[in-house]
Amino acid sequence: MSEKLTAKDFTTSQEVRWCPGCGDYAILKSVTKALADAGASRENTAFISGIGCASRFPYYVETYGFHTIHGRAPAVATGLKLANPELDVWVVTGDGDSLSIGGNHLMHALRRNIGIKILLFNNEIYGLTKGQYSPTSRVGTTSPSSPGGSFDTPISPGQFALGSGAKFYARGVDTDKAGMSDVLQQAHAFEGTSLIEIFQNCIVYNEDVFASFTDRKNAANTQLHLKHGEPILFGENKGKGIQLNRDTLELEVIDASESPDDVLVHDEANKTIARLLIDLHTPVALGVIYRQPSVSYEYTFYAHHPSRMKRTKSIGDFIKGPSSWSVE
Amino acid sequence: MNKNNDVESIVVRLAGDSGDGIQLMGSQFAVSTALAGIDFATFPDYPAEIRAPVGTTFGVSAYQINLGSGPITTPGDTPDVLVAFNPAALKVSLPLLRRGAVVVINNNSFTDRNLTKAGYDADPRDDGSLSDYQVVSGDIGRLNLEAVKEFGLSKSEGGRCKNFWALGVLLWMFDRDLESVETWAKRRLAGKPTMRDANIAALRAGHAFGETAELSASLPQISIAPAKAEPGEYRSITGAEALALGLAAAGELADKPVMFCSYPITPATPLLHHLARLGEVGVGTFQAEDEIAAICAAIGASYGGVIGVTSSSGPGIALKTEAMGLAVNAELPLVIVNWQRGGPSTGLPTKTEQSDLYQAVYGRNADTPIPVLAASTSGDCFEMAIEAVRIALRHMTPVILLADGYLSNAAEPWRIPNVSTLQPIVHQPVPDSAESPQRRAFARDAASLGRPWITPGMPDLMHRIGGIEKDVTTGHISYDADNHQVMTDLRMAKVDSVANFIPEQEMTFGSDSGDLVIVGWGSTYGPIYQAARTTDASYIHLRHLSPLPKNLGALLSRFDKVLVPEMNTGQLSTLLRDKLNARPVSFPKVTGQPFLISELVEKIEAMTKGPTS
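Residues numbered from 1 in each chain as written. Chains lettered and ligands numbered in written order. Predicted model: local features only at pLDDT ≥ 70, side-chain atom pairs only at ≥ 80, totals over all residues.

Caption draft 1: Broad picture of the nonpolar core. Ranked by size, the top nonpolar core spans 267 residues in total, and within it B:Val389 and B:Leu401 carry the most contacts. Here this core takes 11 residues from helix 9 (residues 239-254) of chain B, the largest share from any one element. The next biggest cluster of nonpolar side chains, apart from the first, holds five residues, and it includes A:Ile125, A:Tyr126, A:Tyr133 and A:Tyr205. (Core = buried A, V, L, I, M, F, W, Y, C linked by C-beta atoms within 7 Å. Buried ≥ 20, exposed ≤ 12 C-beta atoms within 10 Å, placed from the backbone. Helix = DSSP H or I, 4+ residues; strand = E, 2+ residues; numbered from the N terminus.)

Caption draft 2: Representation of the interface of chain B and chain A in the model. Opposite the 59 residues of chain B that make contact, chain A presents 50 residues. Listing elements by their share of the side of chain B that touches chain A, those giving two or more residues are helix 1 (22-35), strand 9 (232-238), helix 9, strand 10 (258-262), strand 11 (283-287), helix 11 (291-303), helix 12 (314-330) and strand 17 (464-466) of chain B. Among the elements that take part in the side of chain B that touches chain A, helix 11 of chain B stands out by supplying nine residues, more than any other. Taken together, the residues that form the side of chain B that touches chain A break down as 37 nonpolar, 13 polar and nine charged. Bridging between strand 14 (residues 324-327) of chain A and strand 9 of chain B involves four bridges; their strand directions are antiparallel. Pairing of A:Trp325 across the sheet is with B:Tyr234, part of strand 9 of chain B. (Contact = placed C-beta atoms within 7 Å. Nonpolar A, V, L, I, M, F, W, Y, C, P; charged D, E, K, R; others polar. Pairing = 2+ DSSP bridges.)

Caption draft 3: Fine view of the domain arrangement of chain B. Parsing chain B into structural domains produces domain 1 (4-223), domain 2 (235-416), domain 3 (437-500) and domain 4 (514-609). Domain 3 of chain B and domain 4 of chain B are separated by 38 Å when their C-alpha centres are compared. (Domains from an automatic or database assignment.)

Caption draft 4: Main features of the pairing of strand 22 (residues 585-588) of chain B. Residue and element names in this part refer to chain B. Relative to strand 22, strand 21 (residues 559-566) runs parallel, the two being bridged by four bridges. Looking across to strand 22, one finds that proline 565 is bridged to phenylalanine 587. The parallel pair strand 21 and strand 22 is bridged by helix 20 (residues 571-580), and the resulting crossover is right-handed. (Right-handed = clockwise from strand over helix to strand, strands pointing away.)

Caption draft 5: Up close: the sheet that holds strand 14 of chain A. Across the sheet, which stays open at both edges, the three strands sit in the order 14(A)-9(B)-16(B) with antiparallel pairing between neighbours. Looking at the sheet topology across the chains shown, the edges are occupied by strand 14 of chain A together with strand 16 (411-415) of chain B. Neighbour-to-neighbour, the strand axes of this sheet turn through a mean angle of 35°, independent of strand direction. Here strand 9 of chain B runs beside strand 16 of chain B; their pairing, made up of five bridges, is antiparallel. Each bridged residue has a counterpart across the sheet, and for B:Ile237 the counterpart in strand 16 of chain B is B:Glu412. Against the sheet, helix 9 of chain B makes contact with strand 9 and strand 16 of chain B, and its axis sits at roughly 115° relative to strand 9 of chain B, the strand it touches most. (Axes fitted to C-alpha atoms, helices over the stretch in contact; angles between N-to-C directions.)

Caption draft 6: Representation of unusual backbone geometry. All names here are of chain B. Following threonine 266, the chain continues to proline 267 via a peptide bond in cis, the omega torsion being 0°. As for its position among the elements, proline 267 is in the loop between strand 10 and helix 10 (269-275). The peptide bond linking glycine 343 to proline 344 adopts the cis configuration, its omega dihedral lying at 5°. Structurally, the position occupied by proline 344 is in the loop between strand 13 (334-340) and helix 13 (357-362). The backbone phi angle of aspartate 175 is positive, close to 55°, even though this residue is not glycine. Classification of aspartate 175 by C-beta neighbours within 10 Å gives partly exposed; the count is 13.

Caption draft 7: Layout of helix 6 (residues 162-173) of chain B. Residues and elements named next belong to chain B. Between its first and last C-alpha, helix 6 extends 17 Å over 12 residues, near the 16 Å set by a 1.5 Å rise per residue. Burial of helix 6 is extensive: 12 of the 12 residues sit out of reach of the surface. Taken residue by residue, helix 6 has Lys162, Asn163, Phe164, Trp165, Ala166, Leu167, Gly168, Val169, Leu170, Leu171, Trp172 and Met173 as its buried positions. One or two steps after helix 6, the chain reaches aspartate 175, where phi turns positive at roughly 55°. (Expected span 1.5 Å × (residues − 1).)

Caption draft 8: Here's a closer look at the sheet that holds strand 15 (residues 398-404) of chain B. All names here are of chain B. Taking strand neighbours across the sheet as the criterion, the seven strands line up as 11-10-12-13-15-14-20 in an open arrangement whose pairing is mixed. Of all strands in the sheet, those with a lone pairing partner are strand 11 and strand 20 (544-546), marking the two edges. On average, each strand axis in the sheet is inclined to that of its neighbour by 25°, with strand direction left out of account. Strand direction decides the pairing type here: strand 13 and strand 15, joined by seven bridges, are parallel. Paired with isoleucine 336 across the strands is isoleucine 400, a residue of strand 15.

Listed below in structure tokens is the structure:
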């Protein structure tokens, strides 16, 4: 048995080239630790990325890595996973990479449920091209390409995912080690496409855009850490809860100590509640919001494949076609 | 009684509505022709619409077949026999026919309504416009319905059997038995016993009808001697079938699975359909969400150690361009098949053209060289698929294989090769060294500049690749100015090195020096070959377009004139001027139709009759 690897074993010698203070550093740490904790093998792990700040990630992980082209990482990862389903395939992408230029590939990876883990670093801005508004930027975002404030309606990664047929959608905050560790482990164990939206702070172009709920001082009141089968509680001493208003079909904050029976119990297989949780703004839902166990695309691909890609017959058995004739 | 006509070769054209089953009738006639040992070439010519409005000229679907004692390399210039199912089919086909051709007409479709739809003011059967032809008109529709009456089909269901009825007549004309068609119908329609029996009854009725024809004129019976072919086992094959088998064979020769990733597009889709049935030979197919995903998934598959292949037609290839650059930069093997069609944009999806040569050779951002090959016949698609994979693995590079819409669908007899006698396909082994995996991944072979194919899952060889420029030796990201020059030169040198591995160019026909040489590429092989034979002109047909064979320049310099016929505005001419400083005379044609032998002969004669230099 080989010795158990540590986070350090998953770190390359490459000098990391993100801006000092970038949220990506914390995510990199969480991921290398999660790989070690999961007992992942370096040679059977591959990180595939597109283009953007986040997409430099593969250079810093001591596994196989492929830095591809803008928006297409899910497609490359799909081909890789089909070629070798034994691999642990991760996609690292950003909000521009996955929801603008690569929206189509993200959608189709999710609906197929191909066995890849997608880390979507959402900082609501284009960082690498120096700060233009992105498809997740809020209306009114001022940027070099929107000096008067952006007016595009932003896309919700969670609603996009569920609408595309995603079977696993979770959220984490870049600097929240415990929360990140939890969602990374669960995403890793999921059979199919697991999408983690990570709220990532771009300190240069969009600093503190998530501060309203990531600020540690008030995190207890602004973050909802979901656990399957447990009541949805938050606040100091877990004094507040979430209930479903059955008249308006909206989620509401209630005093958990007054009416504990009205507090919703998190059922991660409930898509309707998941949609409501995604749209909740205060508090913001974190952890595994939706999970629906299913068979993966590659499982079905191989189950349906007559030879499991192994060549059980020779081309000579097919080359003659339906009818042939001889010339003496 | 009809007198027998012994002929060397004959061109038959079948034409009707796109819902009349013309393509099925034609392909079954081709199979019967093949089994009779007669050489042939076919040309399915159909509209872009699946079911165009009934009775219109733009809804006409046609199938042309040239058959004879051989060698037959084209579907023929001018049909000798036309079977026209309706007035529109007659109107569209008539200008193509040889004067004196036999025209078989279905009387029942010559209604006022159909004549109007076809744009006829008067019935062409009565106004003398068919006086140059031997018209054989019969009540095909009515006779067919009578033949299938006993099966209790509706009028429209029964009417759908008339292609089998007409096929029966055609088989009688060519003295064929019905066995191959009946066997096919029994297999294909096994789940629909009534339709199966009705179609077979229609086929037999049509065949019997030949003997006892109640027709306006006698139906000729034609006999053709079997072709003189090299001994061996033969089958009928289309380019799409041959390319599918070639890719599967290449996988076997390389001992690797093949992953074919594509998005449906005309006329490329038949390849996907054929490969989807070759799973047992280790072929996987993935229908991607778009053209870009298709090539990216193929790149991902190659990265994972299987042979990644994608295919499309011009517009789809344009979308794949950025990803081709990635495969070049990451030094991964990949095969990109382009079934060219008429363009630009959507253009003429079902018509053939060879106008993507610039795109293949020059059409990428930056200095991004990719080897380019072209298949010349349907059967050649098999060999060129193997050649494309061989180059891709040896040099660790994407390879573009050009075919076209004509080759995709056209059938010809093909001598079945023995795959076990072909050379295995190899790639660079992982170097046994103490260097870092990142360096070992880019330790290139000196002759081919191919790097080792190190894939995820291999222990202790973890490394990173990507689209960013990398250091020539360490493989790490590098923005160094001199290194970029070195890497750019290396990518060029790698593709140039392919010329050291491919065979020298041979004369395809004729003497290797003289006044005029014709240079062709792709599916124009058939008509150019016949034109060269007719005029005794020298002929060079290229299968490697980038890099060109090393001796090509020297070969061309032995001729005073170089004639380049091609189905574009002169793209190979440009390439020959660019690469070899040649001074070719371009003979372009972009009508969506293959070259006629006659137009090539005329051009050659015009060029050779002029004052000699």
